[in-house]
Amino acid sequence: MAELLSLKEAVARLVRDGDTVALEGFTHLIPVAAGHEIIRQRRTGLTLVRMTPDIVYDQLIGAGCASKLIFSWGGNPGVGSLHRFRDAVQHSWPVPLEIEEHSHAGMANRYVAGASGLPFAVLRGYTGTDLAAHTDTIKPITCPFTGERLAAVPALNPDVSIVHAQRADRSGNVQIWGITGVQKEAVLAAKRSLVTVEEIVDELEPRPGAIVLPSWAVTVVAEVPGGARPSYAAGYYERDNDAYQAWDAIGRDRESFTRWLDELTGVKA
Amino acid sequence: MAELLSLKEAVARLVRDGDTVALEGFTHLIPVAAGHEIIRQRRTGLTLVRMTPDIVYDQLIGAGCASKLIFSWGGNPGVGSLHRFRDAVQHSWPVPLEIEEHSHAGMANRYVAGASGLPFAVLRGYTGTDLAAHTDTIKPITCPFTGERLAAVPALNPDVSIVHAQRADRSGNVQIWGITGVQKEAVLAAKRSLVTVEEIVDELEPRPGAIVLPSWAVTVVAEVPGGARPSYAAGYYERDNDAYQAWDAIGRDRESFTRWLDELTGVKA
Amino acid sequence: MTEYTSDEMMSVAAARALGDGMSCFVGIGLPSTAANLARRGHAPNLTLIYESGCLGAKPSRLPLSIGDGELADTADAVVSVPEVFNYWLQPGRIDVGFLGAAQLDKFGNINTTVIGPDYAHPKVRLPGAGGAPEIAASCREVFVVLRQSTRTFVEKVDFVTSFGHGTGKGDRARLGLPGAGPTLVVTDLGLMRPDPETAELTLTELHPGVEVDQVVAATGWKLKVAGDLGTTPAPTEAELRILRDLKRASA
Amino acid sequence: MTEYTSDEMMSVAAARALGDGMSCFVGIGLPSTAANLARRGHAPNLTLIYESGCLGAKPSRLPLSIGDGELADTADAVVSVPEVFNYWLQPGRIDVGFLGAAQLDKFGNINTTVIGPDYAHPKVRLPGAGGAPEIAASCREVFVVLRQSTRTFVEKVDFVTSFGHGTGKGDRARLGLPGAGPTLVVTDLGLMRPDPETAELTLTELHPGVEVDQVVAATGWKLKVAGDLGTTPAPTEAELRILRDLKRASA
């Protein structure tokens, strides 16, 4: 059964230096507040996993929390590049960042394998591309029935997966609706999981398009209203497109980023 | 886009002698009326596929429509055996029935592979059992990353899959709720598909727990109110448990079955 | 004290094996009766998982099939059949797999496929595997419940539908099976558990009023009896009331 | 006649390539603009599929991201991300994959990963693959839309993120790729199509007012020009109105 904790306690309890950590949420319901709490608690050496690293990953990388990134598309959606990510890859600032790069289909299937207790997944993927040449996590596999060659990718089983959802009940059952992305798989693939939610309610009213993660499949639930801002939470608030635009200028140089970071972590200039 | 046809036209159009045909529905929403129409149209030599062949498959087998059955559990749920199935397996009556036997996990994954355009699926399954010794559709496969041995099963891609659903709209978009079983996978794995529905409505109201099969993924929709009886259709009618009980006596001997069959097909005694 | 049948004793004993807060993958029939009895009694936080995709079902009566509407209506979540097997069963998340059997052998292997030595020409064709092979493989442990007779309790099953302990201790580990396999067999006569050294099913408890000879006579192999043979407590009034209410509601 | 920009011409030309009743896997940015313009105009029954899991989205404005709330709210079905790739894209159900590119080479190979010869020390780190490699592999055909310059249209991409025609005709078949690959490239200057014999991208149509020399100069390889070079019809009033309404609604 999931425990109900504050975000601070939850991150302190679940996320350790050197962990493999996945924060998922496909444009919708990105667990930004949890990412900020990881920065505040100054975790280091993390292997960060995420299909679509966007500004909260740019922040985690710029803050020096990560030593490796496993991903399939890194950008500021609708705006442009992630400058902290680029700076880390191109200039090792503030620390070197190793990367392991996949396609969305590959990443999604790696989570599926992880959630399914399988060591690998099979897909029609990567054929003819240069991706396989730069990672040892894409290998060929032959169908034992047809002889056809396909791609195999290893399961992702993060130490901790963190997602944001609309609601949980007091027993820790979690309800998510709208675009649910790969969140169920990320939670089920992980050794430990944290779900931040907009609110904790007495009862989860059934809703069209909603999925429920039963309490016994989740480690910790933390109530964090607005925890997905500046991304959005269907039924609660809209995406703050201006914040995504504004991040471009902040992330663009080390100085303005450091000012932002000091403000987040409460360091006086 | 799905075409809207009568059940009779739909079966005439889609189901051919010798086809591999899957009727799915896990206790709930079993497409019984469509099965009866296949009997009426006297199809023969079918390879019938179904995770849980129950009384409608007993009827199809007793009527001589099938030459092979691919399945994982054949019984009259809550009642006992399928006597026509047993008679076909043990005494080749009315025609011999070849069987290809799997577990539920294997069958479900075979549909998943079929729906995914993959030639096979991987699972932790069958280990230590005698199932693999009696079929060539279970083979070992080795994880290219860990060296672990797992089971591979080939994709199921029926010529026709038939399912029953609660509703479709006039464009042929299909809505299913309650226990949805393996119906989505069965439809997506098939070359052609038929969905019988309780009713055709102007608009599909979103409903908790409902899935939608878009019209362009379905070949034919036929309005068949009560088309799942004696199984049930959540929101429409309950399971007719008495009919399942009554089938035991009818199916038990060839004579009473033949009377039932003559009645269904309109043959005078 | 209220009278009770040996079937009622069996269901009550099976129910007691399920601890509160556990998750249980429930086969239909006797296992479902026991699991629902437990949930309505001493284990209100028992999570019932049915292979139809119902996670956390809370039926008010005994389901007649694995896919009764009430299972879906009362579940915490209803997922597809592939999902219940792949995401929920396969990774070993579930504490107990609760199974029935047509034949069970002395190492807890289960047969629900064919009776007779020839698969192609069986004496009796049974329903087949269903979810059982992977339930038996992947749950942390497996409980089996069935009525005891020399027909059902055999030296060696005609067909291994679901793997128990194979030919003895160590076979599961050699095959890489993650779960502990059958740790408890509940019958209308008593309880059996695998011997810690050999994994052979051994009589560890008798139901009240049952004699050892009776159990030995109803077993198709030379049944071993534990040195410290216990006796199952008789069903309590409360247990019988709940069981009978459940049965009545389902009639 | 209404004035229009070369970007507007590009979007209109790209939109026209989508037939009514088709299904289209839509990349964000220019492809999404074109696909939405088509659906609001000549192809009302165009099915838009976004990798966020939205099948049959009908947005009233141009989405800013692949996962805008309006895409889900207006979709026929919203499925998980694994499902959209495995059940919907991978089996080859989708008619057209509509992609953008940072670099495109003369055989329609796409780079969105790194600029520069050294992957480990790139000149510019780009966002990466996203859904594109499998979109390019599995859709029945692929359309690419991007602005034309010697920076974007190169002899050979620095990194093959998404496979087009490889090193020429026959490469896709040799690799067992099911779809036809890039059959159309739409730019702000004209249209290119793979030569039927060699699969080399060849200029087949100029947008109104554009000269061949201009296109050749904006291309990083020695661009071939079709013998029967056509001219794209200018955007109609209706096309421009819909496009501008969409843009305005999204501002």
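Remember, it's a predicted structure, so these values are computed and weren't measured experimentally.

K.L.:
Describe the overall build of chain A, listing the residues and the values that go with them.
P.N.:
Summing up its helical and strand segments, chain A has 8 helices and 13 strands in all. A globule of 269 residues ought to have a C-alpha radius of gyration of about 18 Å, and chain A, at 18 Å, matches this closely. Principal-axis analysis of the C-alpha atoms gives chain A an extent of 60 × 50 × 30 Å. Within chain A, contacts between residues separated by at least 24 positions form 75% of all contacts whose residues are at least 6 apart in sequence. When the accessible surface of chain A is summed, it comes to about 9,100 Å², and 47% of that surface belongs to carbon and sulfur atoms.

K.L.:
Tell me about the overall build of chain C, and name the residues and values.
P.N.:
Counting its regular elements, chain C contains 8 helices and 15 strands. In summary, chain C has a C-alpha radius of gyration of 17 Å against a globular reference of 18 Å for 251 residues, a match within 12%. Principal-axis analysis of the C-alpha atoms places the extent of chain C at approximately 45 × 45 × 35 Å. Out of the 251 residues in chain C, the part that is buried amounts to 62%. If you sum the accessible surface of chain C, you get close to 9,000 Å²; carbon and sulfur atoms cover 53% of it. On chain C, the mean spot of the 23 positive side-chain charges and the mean spot of the 29 negative ones are 2 Å from each other.

K.L.:
Outline the interface of chain D and chain B, supporting the account with residue identities and numerical values.
P.N.:
If you look at the interface, chain D gives 15 residues, while chain B gives 13 residues. Carbon and sulfur atoms make up 63% of the surface buried where chain D meets chain B, a total of about 1,200 Å² over both sides. For chain D, the biggest contributors to the area lost against chain B are D:Tyr87, D:Trp88 and D:Arg93; these three give 48% of the whole. Remark: the boundary between chain D and chain B carries 5 residue pairs in polar contact (both at pLDDT 80 or more). Where the side of chain D that touches chain B is concerned, the elements lending two or more residues are strand E2 (47-50) and helix H4 (81-89) of chain D. In terms of residue class, the side of chain D that touches chain B is made up of 8 nonpolar, 4 polar and 3 charged.

K.L.:
Give a detailed account of helix H1 (residues 7-14) of chain B, specifying residues and quantitative values.
P.N.:
An α-helical turn contains 3.6 residues, so any two residues separated by three or four positions project in the same direction. All names here are of chain B. Where H1 is concerned, the buried positions are Leu7, Ala10, Val11 and Leu14. Viewed end-on, H1 has its buried residues packed into an arc of 90°, placing them on one side of the element. Residues of H1 that are buried make contact with helix H2 (32-40), strand E9 (160-169), strand E11 (192-201) and strand E13 (220-223).

K.L.:
Got a sec to walk through the confidence of the model for chain C? Specific residues and values, please.
P.N.:
Mean pLDDT over chain C works out to 96, with 100% of the residues at or above the 70 mark. For this predicted complex, the interface score ipTM comes out at 0.98, while the overall pTM is 0.98.

K.L.:
Please set out helix H8 (residues 237-250) of chain D residue by residue, giving values where relevant.
P.N.:
Residue and element names in this part refer to chain D. In this model H8 runs 20 Å from its N-terminal to its C-terminal C-alpha over 14 residues, within 8% of the 20 Å that 1.5 Å per residue would give. Within H8 the residues assigned to the buried category are Glu239, Leu240, Ile242, Leu243, Leu246 and Ser250. Looking down the long axis of H8, one finds its buried residues gathered within 165° of arc, a one-sided arrangement. Residues of H8 that are exposed and angled more than 90 degrees away from the buried face: Arg241 and Arg248. On its buried face, H8 sits against helix H1 (6-16) and helix H2 (30-40).

K.L.:
With reference to specific residues and values, describe the side chain of A:Glu100.
P.N.:
Residues and elements named next belong to chain A. With respect to the element layout, Glu100 can be found in strand E5 (residues 98-101). Glu100 sits in the buried class, given a relative accessible area of 9%. Within the structure, the side chain of Glu100 is placed 2.7 Å from the side chain of Arg110, a separation counted as a polar contact. Within the local environment of Glu100, its side chain forms a polar contact with the side chain of Thr137, the two groups lying 3.1 Å apart. Apart from residues lying up to four places away in sequence, Glu100 is in contact with Lys68, Leu69, Ile70, Phe71, Arg110, Thr135 and Thr137.

K.L.:
Please provide a residue-by-residue account of the interface of chain A and chain D, values included.
P.N.:
Facing 41 residues of chain A, the contacting portion of chain D comprises 39 residues. Of the roughly 3,200 Å² buried between chain A and chain D, counting both surfaces, carbon and sulfur atoms make up 61%. On the chain A side of the contact with chain D, A:Arg124, A:Thr127 and A:Ile179 bury the most area, a combined 15% of that side's loss. There are 1 salt bridge connecting chain A and chain D. In this structure, the salt-bridge partner of D:Arg125 is A:Glu101, at a minimum N-O distance of 2.5 Å. If you list the elements that add at least two residues to the side of chain A that touches chain D, you get helix H4 (83-91), E5 and helix H5 (104-115) of chain A. The element that contributes the greatest number of residues to the side of chain A that touches chain D is H5(A), accounting for 5 residues. Residue composition of the side of chain A that touches chain D, by class: 17 nonpolar, 18 polar and 6 charged.

K.L.:
Describe the sheet that holds strand E15 (residues 224-231) of chain D, with residues and values.
P.N.:
Residue and element names in this part refer to chain D. Spatial strand order, E4-E3-E2-E1-E5-E10-E12-E13-E14-E15: 10 strands in an open sheet with mixed pairing. Each of the sheet's edge strands pairs with one partner strand only, and the pair in question is strand E4 (77-78) and E15. Docked against the sheet, H2 engages strand E1 (23-26), E2, strand E5 (96-99) and strand E10 (141-145), running at close to 155° with respect to E2. Strand contacts of H4: E1, E2 and strand E3 (54-55), with the helix running at about 145° to E1, the strand carrying the most contacts.

K.L.:
Break down the packing of helix H2 (residues 32-40) of chain A against helix H3 (residues 55-62) of chain A for me, citing the residues and quoting the values.
P.N.:
Residues and elements named next belong to chain A. Packing of H2 against H3 brings their axes to within 10 Å, and their N-to-C directions diverge by 5°. Put simply, H2 runs roughly parallel to H3. On H3, the residues that touch Val32, Gly35, His36, Ile38 and Ile39 of H2 are Val56, Gln59 and Leu60. Of the residues in the contact of H2 with H3, the class split is 5 nonpolar, 3 polar and no charged.

K.L.:
An account of the environment of D:Leu104 is requested, with residue identities and associated values reported.
P.N.:
Residues and elements named next belong to chain D. With respect to the helices and strands, the residue Leu104 is situated in strand E6 (residues 103-105). Distance from Leu104 to Glu3, taken between C-alpha atoms, is 29 Å for residues 101 residues apart in sequence. For Leu104, the residues in contact, after removing those within four places along its chain, are Asn109, Ile110, Val144, Leu146, Thr152, Phe153, Val154, Val157, Val185, Leu201 and Trp221.

K.L.:
An account of the domain arrangement of chain A is needed here, citing residue identities and associated values.
P.N.:
Reports often express the size of an interface as the amount of accessible area lost when the parts come together. All names here are of chain A. The domain boundaries assigned to chain A delineate domain 1 (3-102 + 157-264) and domain 2 (104-154). Each of domain 1 and domain 2 has a C-alpha centre, and the two are 25 Å apart. The interface is formed by 21 residues belonging to domain 1 together with 14 residues belonging to domain 2. Approximately 1,300 Å² of surface area, both sides summed, lies buried where domain 1 meets domain 2, with 69% of it carried by carbon and sulfur atoms. Here Glu100 ties to Arg110 by a salt bridge, and the two come within 2.7 Å at their closest N and O atoms. Taken together, domain 1 and domain 2 are joined by 8 residue pairs in polar contact (both at pLDDT 80 or more). Elements supplying a minimum of two residues to the side of domain 1 that touches domain 2: strand E3 (46-50), strand E4 (66-71), E5 and helix H6 (183-189).

K.L.:
Outline the pattern of salt bridges, supporting the account with residue identities and numerical values.
P.N.:
One pass over the full model with this rule turns up 58 salt bridges over all chains. With a shortest N-O distance of 2.7 Å, C:Asp7 and C:Arg147 are connected by a salt bridge. Here C:Asp7 is found in helix H1 (residues 6-16), whereas its partner C:Arg147 is found in the loop between strand E10 (141-145) and strand E11 (153-154), with 140 residues between them in sequence. Among the residues examined, C:Arg147 registers a relative accessible area of 43% and is labelled partly exposed. Residues D:Glu200 and D:Lys224 are paired through a salt bridge, measuring 3.4 Å at the closest nitrogen-oxygen approach. Note that D:Glu200 is positioned in the loop between strand E13 (190-194) and strand E14 (201-206) and D:Lys224 in strand E15, a separation of 24 residues in sequence.

Scoring rules and cut-offs
Residues numbered from 1 in each chain as written. Chains lettered and ligands numbered in written order. Predicted model: local features only at pLDDT ≥ 70, side-chain atom pairs only at ≥ 80, totals over all residues. Heavy atoms only, no water. Helix = DSSP H or I, 4+ residues; strand = E, 2+ residues; numbered from the N terminus. Rg over C-alpha atoms; globule rule 2.2 N^0.38 Å. Contact = heavy atoms within 4.5 Å. Areas by Shrake-Rupley, 256 points an atom, 1.4 Å probe, with all protein chains shown as cover. Buried < 20%, exposed > 50% of the residue type's maximum accessible area, 1.4 Å probe, protein only. Lys, Arg positive; Asp, Glu negative; His and termini not counted. Charge placed at Lys NZ, Arg CZ, Asp CG, Glu CD. Buried area = accessible area lost by both parts, 1.4 Å probe. Polar contact = N/O pair within 3.5 Å; in protein donor to acceptor, adjacent residues only side chain to side chain. Nonpolar A, V, L, I, M, F, W, Y, C, P; charged D, E, K, R; others polar. Arc of directions from axis to C-beta. pLDDT = per-residue confidence, 0-100. Expected span 1.5 Å × (residues − 1). Salt bridge = Lys/Arg side-chain N within 4 Å of Asp/Glu carboxyl O. Pairing = 2+ DSSP bridges. Axes fitted to C-alpha atoms, helices over the stretch in contact; angles between N-to-C directions. Parallel < 35°, antiparallel > 145°, perpendicular 65-115°, else oblique. Domains from an automatic or database assignment.

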